[in-house]
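Reading the structure
Residue-level listing of the chains:
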Amino acid sequence: SGAAGAVATPAPARADTECTTCSNSNTSLQPGDKEFATTPSGLRVLDIRAGAGATPADGSKCVVSWTGYTAGYQGKRIESSADYDEPFVFTLGAGEAIPAFEEAVRGMAAGGLRRLEIPGELVEELAYPIAPKATRYNAGPVPKTFSGQRALDFVLDNATLKPFNRTLLFDVRLDAVR
């Protein structure tokens, strides 16, 4: 073995390497856990409860309740529409919702609950732009509270974070299709 008194060099911390699976919840499944399905866009979805109501099409008004988390960094809760009892309403296909919401709701029926995992590497394509910040909230859901916007802005604006630390998690319930 090594010379007397030699100290082994520790492996770099996971956060200091470009980890290709760090933002994937499927890498930490426990027995009995359901696996996220990955869509062609890279969005990961997990159906928690299937809906039995109407299914939306382009032009439909979608009424959703949502809760968001900064899954990749400190697991902070962004916000929940239940906090102010006001669902997020958008027209499917009109660009009023972030692409991840549009994609997820297209495959749901009213009454369904779906968990979305937006990998940090794809947050700009599937969620919110990092720059320019002025256009970040052109599509919803938009946090209505200072603390919610601050939590989301922190992970998007912090240049020191690795991409996997920008992973976002949303629970989306399709309440109604109009």
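Cut-offs used in this document
Chains are numbered independently. Their residues run from 1 in the order of the written sequence. Only residues with pLDDT of 70 or above have their local features reported here, since the model is predicted, and side-chain atom pairs are shown and tallied only from 80 upward, although totals for entire chains, interfaces and linings are computed over all residues. Hydrogens and water molecules were not included; the side-chain quantities draw on all heavy atoms of the structure. Definition used for salt bridges: Asp or Glu carboxyl oxygen within 4 Å of a side-chain nitrogen of Lys or Arg. Going along the chain from the N terminus, every DSSP run of H or I of four or more residues is numbered as a helix, and every run of E of two or more is numbered as a strand. For each residue, the accessible area found with a 1.4 Å probe, counting protein chains only, is set against the maximum for its type, and the residue is called buried under 20%, exposed over 50%, and partly exposed in between. Whether two aromatic rings pair depends on their centres lying within 6.5 Å, for rings of Phe, Tyr and Trp, where Trp uses its six-membered ring; planes under 30 degrees apart make the pair stacked, over 60 edge-to-face, and the rest tilted.

**As for the pattern of salt bridges**
In total, this model carries twelve salt bridges according to the counting rule given. The residue Asp157 makes a salt bridge to Arg136 at a minimum N-O spacing of 2.7 Å. Taken together, the positions of Asp157 in helix α3 (residues 146-157) and Arg136 in the loop between α2 (123-126) and α3 put the pair 21 residues apart, joining distant regions of the chain. In this structure, Arg173 engages Asp175 in a salt bridge whose closest nitrogen and oxygen atoms are separated by 2.5 Å. Owing to a relative accessible area of 36%, Arg173 belongs among the partly exposed residues under this scheme.

**A few points about the packing of aromatic side chains**
Tallied over the full model, the rule gives five aromatic pairs. Relative to Phe90, the ring of Phe88 has its centre 5.1 Å away and its plane inclined at 25 degrees; by these criteria the two rings are stacked. Note on accessibility: Phe88 and Phe90 belong to one class, buried. Considering the side-chain rings of Phe88 and Phe101, the 6.2 Å spacing of their centres and the 70 degrees angle between planes classify their relative orientation as edge-to-face. A residue pair is termed long-range when its members are at least 10 positions apart, and Phe88 in strand β5 (residues 88-91) and Phe101 in helix α1 (residues 99-106) qualify at 13 residues.

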